[in-house]
Amino acid sequence: PVDDRALMQSAVRGLLLDLDPHSAYLQKADADEFDEQTRGAYDGVGLELQQLPEGGLRIIAPLDDGPAERAGLRSGDRIVAIDGKLLTPADADVSAPLRGAAGTKVVLRVVREGTPQPFDVTLVRETIRTSSVRSRMLEPGFGFIRVSSFQAATAADFVKAVDALQKESSSKGGPLRGLLVDLRSNPGGLLVGAVQIADELLDKGGI
């Protein structure tokens, strides 16, 4: 027997695949995750994490000025329990409890090298904003912009980055003569962001 809901979901996915190879049907959880990625913001504690095969999470890095960084968590710390629940290898997504409504609290049990006993840290979740655009000067007259994904604010951030590079280049005695745009490992995102960036770079007079 096939559940009617599962049958409908499969039928819709198959229909879209046949009509348009560039479109996909997302269930609610997947759609929420995609929306979160394109907004460039989520409610959580501001940690970049690695799930460990023996259970638990290793902190790769706390995000700048996030709740975790302000509480003193460091790269290399291990989270072994969240809200009193030990993290085990059987947990599919052990980081999920770290997310939640902004303003709510979560208690982490942390193991730190050089500290003899695990200790608890209480964090207050807040809205964490992630930037998809980073820039720097490579050498006088030449700038570098990394676009890691196309979020809702990517195009506006890209324009700000170009303006900042132009001002920095002018202050060093010359115009911005070249720009390297790095799109490696960019998984995509919102089409409108890519189009807006292209509008900034391409001659609008046509080819």
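Residues numbered from 1 in each chain as written. Predicted model: local features only at pLDDT ≥ 70, side-chain atom pairs only at ≥ 80, totals over all residues. Heavy atoms only, no water.

## Focus on the overall build of the protein chain
Then, number 1: For the protein chain, the helix and strand inventory stands at five helices and 11 strands.
Then, number 2: Against the 2.2 N^0.38 benchmark of 17 Å for 207 residues, the protein chain shows a C-alpha radius of gyration of 22 Å, more extended than a compact globule.
Then, number 3: Sequence-distant contacts in the protein chain: of pairs separated by 6 or more residues, those separated by 24 or more amount to 54%.
Then, number 4: Here the protein chain has roughly 13,400 Å² of accessible surface; of this, 54% comes from carbon and sulfur atoms. (Helix = DSSP H or I, 4+ residues; strand = E, 2+ residues; numbered from the N terminus. Rg over C-alpha atoms; globule rule 2.2 N^0.38 Å. Contact = heavy atoms within 4.5 Å. Areas by Shrake-Rupley, 256 points an atom, 1.4 Å probe, with all protein chains shown as cover.)

## Quick word on the pattern of salt bridges
Then, number 1: The final tally for this structure, using the stated rule, is seven salt bridges.
Then, number 2: Arginine 112 is the salt-bridge partner of aspartate 77, the closest N and O atoms lying 2.7 Å from each other. Separated by 35 residues along the polypeptide, aspartate 77 in the loop between helix H3 (67-70) and strand E4 (78-82) and arginine 112 in the loop between strand E6 (105-111) and strand E7 (119-124) bring together distant segments of the chain. Residues aspartate 77 and arginine 112 agree in their burial class; the two are buried.
Then, number 3: One network of salt bridges, with partners in common, ties together Asp65, Arg70 and Glu126. (Salt bridge = Lys/Arg side-chain N within 4 Å of Asp/Glu carboxyl O. Buried < 20%, exposed > 50% of the residue type's maximum accessible area, 1.4 Å probe, protein only.)

## Observations concerning the pairing of strand E10 (residues 142-147)
On a regular strand, one side chain projects to one face of the sheet and the next to the other, so that they alternate.
Then, number 1: Of all six residues making up E10, five are buried, and the element is well covered by its neighbours.
Then, number 2: One ladder, built from six bridges, connects strand E9 (residues 133-139) with E10; its direction is antiparallel. For valine 133, the partnering residue across the bridge sits in E10 and is valine 147.
Then, number 3: Pairing geometry for E10 and strand E11 (residues 178-182), over five bridges, is parallel. For arginine 146, the partnering residue across the bridge sits in E11 and is aspartate 182.
Then, number 4: Where the polypeptide runs from E10 across helix H4 (residues 154-171) and back to E11, its parallel neighbour, the crossover connection is right-handed. (Pairing = 2+ DSSP bridges. Right-handed = clockwise from strand over helix to strand, strands pointing away.)

## Digging into the side chain of aspartate 182
Then, number 1: Inspection of the secondary structure puts aspartate 182 in strand E11.
Then, number 2: Classification of aspartate 182 by relative accessible area gives buried; the value is 8%.
Then, number 3: At 2.9 Å, the side chain of aspartate 182 forms a polar contact with the side chain of arginine 184.
Then, number 4: If we skip the residues at most four places from it in the chain, aspartate 182 touches Phe144, Ile145, Arg146 and Val147. (Polar contact = N/O pair within 3.5 Å; in protein donor to acceptor, adjacent residues only side chain to side chain.)

## Some details on the packing of H4 against helix H5 (residues 191-201)
Then, number 1: Relative orientation of the contacting elements H4 and H5 amounts to 25 degrees, with a least axis distance of 8 Å. In terms of orientation, H4 and H5 fall into the roughly parallel class. Counting all contacts with H4, which are made through Thr154, Ala155, Phe158 and Val159, the residues of H5 involved are Gly193, Gln196, Ile197, Glu200 and Leu201.
Then, number 2: The class makeup of the residues in the contact of H4 with H5 is five nonpolar, three polar and one charged. (Axes fitted to C-alpha atoms, helices over the stretch in contact; angles between N-to-C directions. Parallel < 35°, antiparallel > 145°, perpendicular 65-115°, else oblique. Nonpolar A, V, L, I, M, F, W, Y, C, P; charged D, E, K, R; others polar.)

## Concerning the sheet that holds E9
Then, number 1: Sheet architecture is open: three strands sit in the order E9-E10-E11, paired in mixed fashion. At either end of the open sheet lies a strand with only one pairing partner, and these are E9 and E11. In this sheet, adjacent strand axes meet at a mean angle of 20 degrees when their direction is disregarded.

## Brief notes about unusual backbone geometry
Outside of glycine, negative phi angles account for most residues, and trans bonds account for most peptide bonds.
Then, number 1: Backbone geometry places aspartate 83, a non-glycine residue, at a positive phi of 50 degrees.
Then, number 2: As for its placement among the helices and strands, aspartate 83 is situated in the loop between E4 and strand E5 (85-86).
Then, number 3: Residue serine 185 is not a glycine yet carries a positive backbone phi of 60 degrees.
Then, number 4: In this fold, serine 185 is placed in the loop between E11 and H5.
Then, number 5: Exposure remark for serine 185: the relative accessible area of 71% places this residue in the exposed category.

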